[in-house]
Structures are given as structure tokens and as C-alpha cells.
Amino acid sequence: MSRPGQDEKRYDRRDTTLKFVNRPDDLDPIPADEGDDGLRAEMSCGHAVTPQSLTAWCRSLLDQGQYKFKCPALKDGTLQQCGALWSYQEVRLLAVLTAAEMQHFEENIARLAATEYCDFKTCPGCKSFIEREDLTNLCVKCLVCAADKKTQIQFCWQCLKPWKGPAPRSDCCSNDGCINHDLELLRTCKTTSFPEVQGVDACPSIRACPTCGHKVEHDKTGCKNIICPRCQVEFGFVCLKLTPECLETSSYYIPCSDGVAPRQTSIPVWHRN
């Protein structure tokens, strides 16, 4: 199975840098059409792929905000995912990415990596990218503006207006309308239910990850726990505990002893190691 426009992507039988295998594609559960002579190549983890299936899987990860490509195939004879980490260089080669696809992948990888490791915005004055070092302080100084205008320039990281009021502050500045829209979303989002989890029928539909503060939404299928696409830490969407603590008094399909955690009134700050 392939996406429209990908039918022309094929491996070159003469490519000695690839290991070709005569077995089904481990990423695509639908058998190939009769008479299909498409080659399968072996990834570093040992699973077989085609250019189409590898491209589709990795693109789906990018669409979910994940830039680290992990193998979803099952380990032989088990129901456990392989989970091996593939480098972008390996994916680019075995997915036979086109120039347009490489541009799409590389732009999104760079954007997602920057979001994970840096907290940056565009200065409303000079339009330079500014990184916020103190994640608990909304009052930010632009060094570029200061150098150009020979004066200290401060703006609010939240509303992007010139700073007004006392500093430092972590909630808002004194400008009218300076509110944390993420907190407003957590406060006003609808509730949701989990059909496969016992006794959960009024849980906020959006949560802030307890580790990094990234907003996440559960798709309401499967168990109550979720892996944050930003920090890759698993936690209980219902109780907001990290999974090991959550499972001390529950299972994946039964709420833990604390039940449904109330709506969050603050967003955790990610303390990267």
C-alpha cells in the first residue's frame, strides 16, 4: 500500500549499501498486490520496510509532533513494539525521500527540536529570535534592540507588548488583556469520557503534561495513560501522576486511588537535564 504520488519510489537493486530481504513489509499489514516485485530493505533493527511504508510512518510521527523516529513493528513472537530509534540519515536513505520530502522532514525536525530544547519567540521590536533563559519570568530583555538603540528594551513574553508593571512575574504583566491563553484553555475545555476505562466520565479533555507543560489531548481510545509527544514521559491523563506512581494503586484501565485530578491552575515548567 502506498500514498498517491509515491508509486514511483523504488529501491535500486544495484545499491550495495542496502540489505534487501525476501519477506513481507513489517510496517504495512496489508499484503502487496499479486505480481508486485517491489523490494524490501532491512532497517538497522532488522525489520523490513518499503520506501512507501517507511515514508508514511515517519511522516505520521512528524504530524503528531514527534521528530524521533522509532520502529513500530512487533518483536518476533511477541506483542511488544520494537521501539528501535532510527536516525534521520537512515530514514532518508531507506525511505528514498524526494527533494520536497527532505525539505518537509528537515524543516519540521528543526522546528520540533528547537521547541523541545529552547523557549524562543520573535522580538516584537527587531523581529530577532529571542530565547528565554528564565522560564518563570515573563519580563524579557532583547539584547539586539539594546545594542541598536543603546537603551534597555523589555517586553512581555506572554502578550508581546512593551513590559508594564513590576518584574519579575510569572503570571502576567500589567498590560490590559495579558492573560495566559493556555491556562484559559485548561480552565474552560470540555470534559471527556474514556469508554475503556472504568468509572471515568468527566475528565478535562486537555491537560498540561506534568513534566514539561506541553498541552496534550487524549483520543479516548485504549488506556488512560498517554506519552507526551514533547518530553516522551508517560503519565496518567486522568490523575496527572507519572505512570509508575499511577500504577501503584491501579492498572491501565482502572483509575488510581486519587481518581480524576481537578483542572490545572498552573502550567509546569520543564527543568531539562
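Residues numbered from 1 in each chain as written. Predicted model: local features only at pLDDT ≥ 70, side-chain atom pairs only at ≥ 80, totals over all residues. Heavy atoms only, no water.

**Thoughts on the nonpolar core**
For step 1, the next point in the chain: Among the nonpolar cores identified, the biggest contains 26 residues, and Leu54, Phe69, Trp86, Leu94 and Phe105 are the most heavily contacted of them.
For step 2, the next point in the chain: Listed by contribution, the elements that provide at least two residues to this core are α1 (51–63), α2 (88–94) and α3 (99–117).
For step 3, the next point in the chain: Ignoring anything within four residues of it in the chain, the contact list for Leu54 reads Leu27, Met43, Val49, Trp86, Val91, Leu94 and Ala95. (Core = buried A, V, L, I, M, F, W, Y, C linked by side-chain atoms within 4.5 Å. Buried < 20%, exposed > 50% of the residue type's maximum accessible area, 1.4 Å probe, protein only. Helix = DSSP H or I, 4+ residues; strand = E, 2+ residues; numbered from the N terminus. Contact = heavy atoms within 4.5 Å.)

**Side note on unusual backbone geometry**
For step 1, the next point in the chain: Cis rather than trans, the peptide bond between Ala167 and Pro168 has omega equal to 5 degrees.
For step 2, the next point in the chain: The residue Gln232 is not glycine, and still its phi comes out positive at about 65 degrees.
For step 3, the next point in the chain: In this structure, Gln232 sits in the loop between β14 (225–227) and β15 (234–236).
For step 4, the next point in the chain: A positive phi angle, close to 70 degrees, is found at Leu240, a residue other than glycine.
For step 5, the next point in the chain: Checked against the element boundaries, Leu240 lands in the loop between β15 and α6 (243–246).
For step 6, the next point in the chain: Classification of Leu240 by relative accessible area gives buried; the value is 17%.

**Focus: the sheet that holds strand β2 (residues 40–42)**
Strand pairing in a sheet takes place through backbone hydrogen bonds and is either antiparallel or parallel in direction.
For step 1, the next point in the chain: The strand order across the open sheet built from 3 strands is β1-β2-β3, with neighbouring strands paired in antiparallel fashion. In this open sheet, the two edge strands, each paired with only one partner strand, are β1 (20–21) and β3 (48–49). (Pairing = 2+ DSSP bridges.)

**Some details on the layout of surface pockets**
For step 1, the next point in the chain: Roughly 1200 Å³ of volume is contained in the largest pocket.
For step 2, the next point in the chain: Surrounding the largest pocket, 37 residues form its lining, Asp119, Arg132, Asp182, Arg230 and Ile267 being those nearest its centre.
For step 3, the next point in the chain: For the lining of the largest pocket, the secondary-structure elements that each account for two or more residues are α3, β6 (120–122) and α5 (181–188).
For step 4, the next point in the chain: The leading source of residues in the lining of the largest pocket is α3, at 4 residues.
For step 5, the next point in the chain: Among the residues making up the lining of the largest pocket, the classes are represented as 15 nonpolar, 12 polar and 10 charged.
For step 6, the next point in the chain: Taken as a whole, the second largest pocket encloses approximately 690 Å³ of empty space.
For step 7, the next point in the chain: As for the second largest pocket, its lining consists of 25 residues, of which Gln66, Lys70, Gln81, Ile227 and Gln232 are closest to the centre. (1 Å grid on protein atoms, 1.4 Å probe; cavity = no way out; pocket = protein on both sides within 12 Å on 5 of 7 lines; lining within 4 Å. Points joined across faces, edges and corners; volume = space filled by probe spheres on them. Nonpolar A, V, L, I, M, F, W, Y, C, P; charged D, E, K, R; others polar.)

**A closer look at α1**
For step 1, the next point in the chain: With 13 residues, α1 should reach 18 Å at 1.5 Å per residue; the first-to-last C-alpha distance of 18 Å fits that figure.
For step 2, the next point in the chain: Residues Pro51, Gln52, Ser53, Leu54, Thr55, Cys58, Arg59, Leu61 and Leu62 constitute the buried set of α1.
For step 3, the next point in the chain: Positive phi appears at Gly65, one or two residues downstream of α1, with a value of about 85 degrees. (Expected span 1.5 Å × (residues − 1).)

**What about the environment of Asp25?**
For step 1, the next point in the chain: Relative to the helices and strands, Asp25 is located in the loop between β1 and β2.
For step 2, the next point in the chain: The buried category is assigned to Asp25, whose relative accessible area is 9%.
For step 3, the next point in the chain: The sequence separation of Asp25 and Ser53 amounts to 28 residues, and the corresponding C-alpha distance is 7.9 Å.
For step 4, the next point in the chain: Look past the residues within four positions of Asp25 in its chain and what remains in contact with it is Arg40, Ala48, Val49, Thr50 and Ser53.
For step 5, the next point in the chain: Here Thr50 takes part through its side chain, which lies 3.2 Å from a polar atom of the side chain of Asp25.
For step 6, the next point in the chain: In terms of polar contacts, Asp25 uses its side chain to reach the side chain of Ser53, at 2.7 Å. (Polar contact = N/O pair within 3.5 Å; in protein donor to acceptor, adjacent residues only side chain to side chain.)

**Structural notes on a nonpolar patch on the surface**
For step 1, the next point in the chain: A cluster of nonpolar side chains, Tyr252, Tyr253 and Ile254, forms an exposed patch at the surface whose accessible area comes to about 260 Å².
For step 2, the next point in the chain: Following the sequence through the fold, Tyr252 ends up in the segment after α6. (Patch = residues over 30% accessible without salt bridge, like charges linked within 9 Å, V, L, I, M, F, W, Y side chains within 5 Å. Areas by Shrake-Rupley, 256 points an atom, 1.4 Å probe, with all protein chains shown as cover. Salt bridge = Lys/Arg side-chain N within 4 Å of Asp/Glu carboxyl O.)

**Brief notes about the pattern of salt bridges**
For step 1, the next point in the chain: Counted under the stated rule, the structure contains 8 salt bridges.
For step 2, the next point in the chain: For Asp171, the salt bridge is made with Arg169, and the minimal N-O distance between the two is 3.0 Å.
For step 3, the next point in the chain: Exposure remark for Asp171: the relative accessible area of 42% places this residue in the partly exposed category.
For step 4, the next point in the chain: Between Lys215 and Asp182 there is a salt bridge, with its nearest N and O atoms 3.1 Å apart. Here Lys215, found in strand β13 (residues 215–217), pairs with Asp182, found in helix α5; they are 33 residues apart in sequence, far enough to count as distant.

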